[in-house]
Amino acid sequence: MRYLTFALTKGRLAYKTLELLEQVGITCEEMKDKSSRKLIFVNEEKKLRFFLAKGPDVPTYVEYGAADIGIVGKDTIMEEGRKLYEVLDLGYGACRMCVCGPESARPFLNHGQLIRVATKYPNIAKDYFYNRKNQTVELIKLNGSIELAPIVGLSEVIVDIVETGSTLRENGLQVLEEICPLSARMVVNPVSMKMENERITGLIQALKQIVSREQRSVK
Ligand code: PRP
């Protein structure tokens with residue numbers, strides 16, 4: 001049996017992902033050691049390998065087949081536009097992609113003005129403004145703390161992730177329009193899906209049961 005390789009997103013999602021995998025009997029003790037600088041972890045018994053990568057790199061590893069399976073946010077999947085199968089909504093990491101700004105920027109969105117939009121997600125922002133709203137905008141790519149942009153006058157609005165809304169509130173900004181809901185997803189390399197169909201669909205089914213059980217208990 002060959003190894004199945006998982007690319008997991010570093011950071012916030014990683015902990016929840018390990019918890020979920022544990023519930024289907026997939027454990028990787030080595031990976032929990034936060035002080036370790038090791039990059040790849042192996043579960044010999046189940047012939048599985050895991051590595052942690054930066055979110056935007058996860059779809060890249062999966063598209064090229066360096067990982068068979070990836071766990072990554074829907075925002076990153078949309079932004080990267082890679083060729084992969086999105087097979088399961090894992091439910092956690094739930095948040096929304098939104099157009100945000102000060103209340104005073106709202107009219108700019110209703111009258112199709114040429115405004116500046118700062119974002120870490122230029123492809124999502126471009127698709128939203130050009131294809132869904134038919135509004136020409138100037139996109140400004142940033143790498144973090146996006147909420148700063150309208151405060152210091154770099155842009156009129158931002159396209160960013162809103163989870164609890166506290167970053168917006170604490171900075172006097174609002175959600176002006178909602179683009180789409182987001183959460184963690186499982187993605188699969190199309191060739192792996194064919195070659196390792198039994199193992200991968202078995203895993204999807206097992207995860208599906210856990211995820212729907214958790215969603216029922218939340219409701
Ligand atoms: C994300 C996002 C918002 C914030 C939203 O940033 O870009 O800034 O979280 O969360 P909230 O609605 O719960 O306040 P992140 O902390 O990932 O860091 P970044 O600013 O470096 O992108």
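Report on the accompanying structure. (Residues numbered from 1 in each chain as written. Predicted model: local features only at pLDDT ≥ 70, side-chain atom pairs only at ≥ 80, totals over all residues. Heavy atoms only, no water.)

### Considerations on the layout of surface pockets
Considering only enclosed or pocket space, the largest pocket measures out at about 1,100 Å³ in volume. Around the largest pocket sit 41 residues that line it, and R12, D75, K120, Y121 and I161 are the ones nearest its centre. For the lining of the largest pocket, the secondary-structure elements that each account for two or more residues are α1 (12-23), α3 (74-80), β6 (95-101), β9 (157-162) and α7 (166-170). Ranked by residues supplied to the lining of the largest pocket, first place goes to α3 with 5 residues. In this structure, the second largest pocket spans a volume of roughly 570 Å³. The wall of the second largest pocket is formed by 17 residues, among which A14, M31, D33, K34 and L52 lie closest to the centre. Tallying contributions element by element places α1 first for the lining of the second largest pocket, with 5 residues. Its residues placed into classes, the lining of the second largest pocket shows 7 nonpolar, 2 polar and 8 charged. (1 Å grid on protein atoms, 1.4 Å probe; cavity = no way out; pocket = protein on both sides within 12 Å on 5 of 7 lines; lining within 4 Å. Points joined across faces, edges and corners; volume = space filled by probe spheres on them. Helix = DSSP H or I, 4+ residues; strand = E, 2+ residues; numbered from the N terminus. Nonpolar A, V, L, I, M, F, W, Y, C, P; charged D, E, K, R; others polar.)

### Overview of empty space enclosed by the protein
All told, the structure shown has 1 cavity of 30 Å³ or more when counted by the stated rule. In this structure, the largest cavity occupies an estimated 60 Å³ of space. Lining the largest cavity are K16, E19, L20, Q23, L90, Y92, V211 and E214. When residues of the lining of the largest cavity are assigned to their parent elements, the largest contribution, 4 residues, is made by α1. A breakdown of the residues in the lining of the largest cavity according to their chemical character gives 4 nonpolar, 1 polar and 3 charged.

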